[in-house]
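# Working through the structure, step by step
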Amino acid sequence: MKEIFGGKLSNDVMGLIDVMVRKNRIGDLEKVLEYFDERAKERQKIGVVEVCTPVELSSDEKKKVEARVLEVTDFASLEMNYKLDKSLLGGMVIRIGDQVLDNSIRSKLDAMGRQLASVRLQ
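Note that the coordinates shown come from a computational prediction; the quantities given were computed from them, not determined experimentally.

### Thoughts on the packing of aromatic side chains
How two aromatic rings sit relative to each other is given by the distance of their centres and the angle of their planes. A full pass over the atoms with the stated rule returns one aromatic pair. Measuring from ring centre to ring centre gives 5.7 Å for Tyr-35 and Phe-36, while their planes differ by 75°; the resulting arrangement is edge-to-face. The class for Tyr-35 is partly exposed, based on a relative accessible area of 45%. Its relative accessible area of 45% is what places Phe-36 among the partly exposed residues. The ring of Tyr-82 is capped by Lys-62, whose NZ or CZ atom sits 4.8 Å from the centre of that ring.

### Here's the deal with the environment of Leu-109
Within the secondary structure, Leu-109 is located in helix H4 (residues 105-118). Distance from Leu-109 to Ser-77, taken between C-alpha atoms, is 33 Å for residues 32 residues apart in sequence.

### A word on the nonpolar core
By size, the foremost hydrophobic cluster in this structure holds nine residues: Val-49, Val-51, Leu-57, Val-65, Val-69, Leu-78, Met-80, Ile-94 and Ile-96. Put simply, the parts of the chain that give this core at least two residues each are strand S1 (46-53), helix H3 (59-72), strand S2 (77-84) and strand S3 (91-96).

### Description of helix H2 (residues 29-43)
A rise of 1.5 Å per residue sets the reference length of H2, with its 15 residues, at 21 Å; its end C-alpha atoms lie 21 Å apart and thus fit the reference within 8%. Within two residues after H2, Lys-45 carries a phi angle of roughly 55°, on the positive side.

### Considering the pattern of salt bridges
Tallied over the entire structure, the rule returns ten salt bridges. For Glu-79, the salt bridge is made with Lys-41, and the minimal N-O distance between the two is 2.6 Å. Taken together, the positions of Glu-79 in strand S2 and Lys-41 in helix H2 put the pair 38 residues apart, joining distant regions of the chain. The class for Lys-41 is buried, based on a relative accessible area of 14%. One salt bridge in this structure joins Lys-83 and Glu-50, with 3.1 Å as the shortest N-O distance. Of this pair, Lys-83 sits in strand S2 while Glu-50 sits in strand S1, placing them 33 residues apart in sequence. Under the relative-accessibility criterion, Lys-83 is labelled partly exposed at 44%. Bridged by salt links that share partners, the residues Asp-37, Lys-41 and Glu-79 form one connected network.

### Regarding helix H1 (residues 11-22)
Given 3.6 residues to a turn, an α-helix orients residues that are three or four positions apart in the same direction. The first and last C-alpha atoms of H1 sit 16 Å apart over twelve residues, in line with the 16 Å expected at 1.5 Å per residue. Those residues of H1 that sit buried are Met-14, Ile-17 and Met-20. The buried residues of H1 occupy an angular sector of 125° when projected down its axis, which confines them to one face. Of the residues in H1, the exposed ones pointing more than 90 degrees away from the buried face are Asn-11, Asp-12 and Arg-22. Contacts from the buried residues of H1 go to H2. Where H1 terminates, the next one or two residues include Asn-24, which has phi positive at roughly 55°.

Rules behind the numbers
Residues numbered from 1 in each chain as written. Predicted model: local features only at pLDDT ≥ 70, side-chain atom pairs only at ≥ 80, totals over all residues. Heavy atoms only, no water. Phe/Tyr/Trp six-rings, centres within 6.5 Å; stacked < 30°, edge-to-face > 60°. Buried < 20%, exposed > 50% of the residue type's maximum accessible area, 1.4 Å probe, protein only. Lys NZ or Arg CZ within 6 Å of the ring centre and 35° of its normal. Helix = DSSP H or I, 4+ residues; strand = E, 2+ residues; numbered from the N terminus. Core = buried A, V, L, I, M, F, W, Y, C linked by side-chain atoms within 4.5 Å. Expected span 1.5 Å × (residues − 1). Salt bridge = Lys/Arg side-chain N within 4 Å of Asp/Glu carboxyl O. Arc of directions from axis to C-beta. Contact = heavy atoms within 4.5 Å.

What follows is the structure, given as structure tokens:
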């Protein structure tokens, strides 16, 4: 199998793949590789960031978002993923790992609606 990948796999990786094949777990290989990728990024202080906006950001806006995220985190670099979400109306939602910063107009309107719903008129 080492020849298939041009001889670039270490003996440890080949051993892992061998064990997974023997234990009939090769179907889990993608999950295992994702796990190792996440751990490698943590070790190298690479943050994976998802930014959702209702419209495409300009390159300058993207640079500002990245700079601000770098300022407020301990990451050395970032892997930025931008997605469009027309339901946001305005603002943005930033996800870094399991943390979410929701600064969208939709979330503000939802919060305002909850506040109004809790008001009792006399």
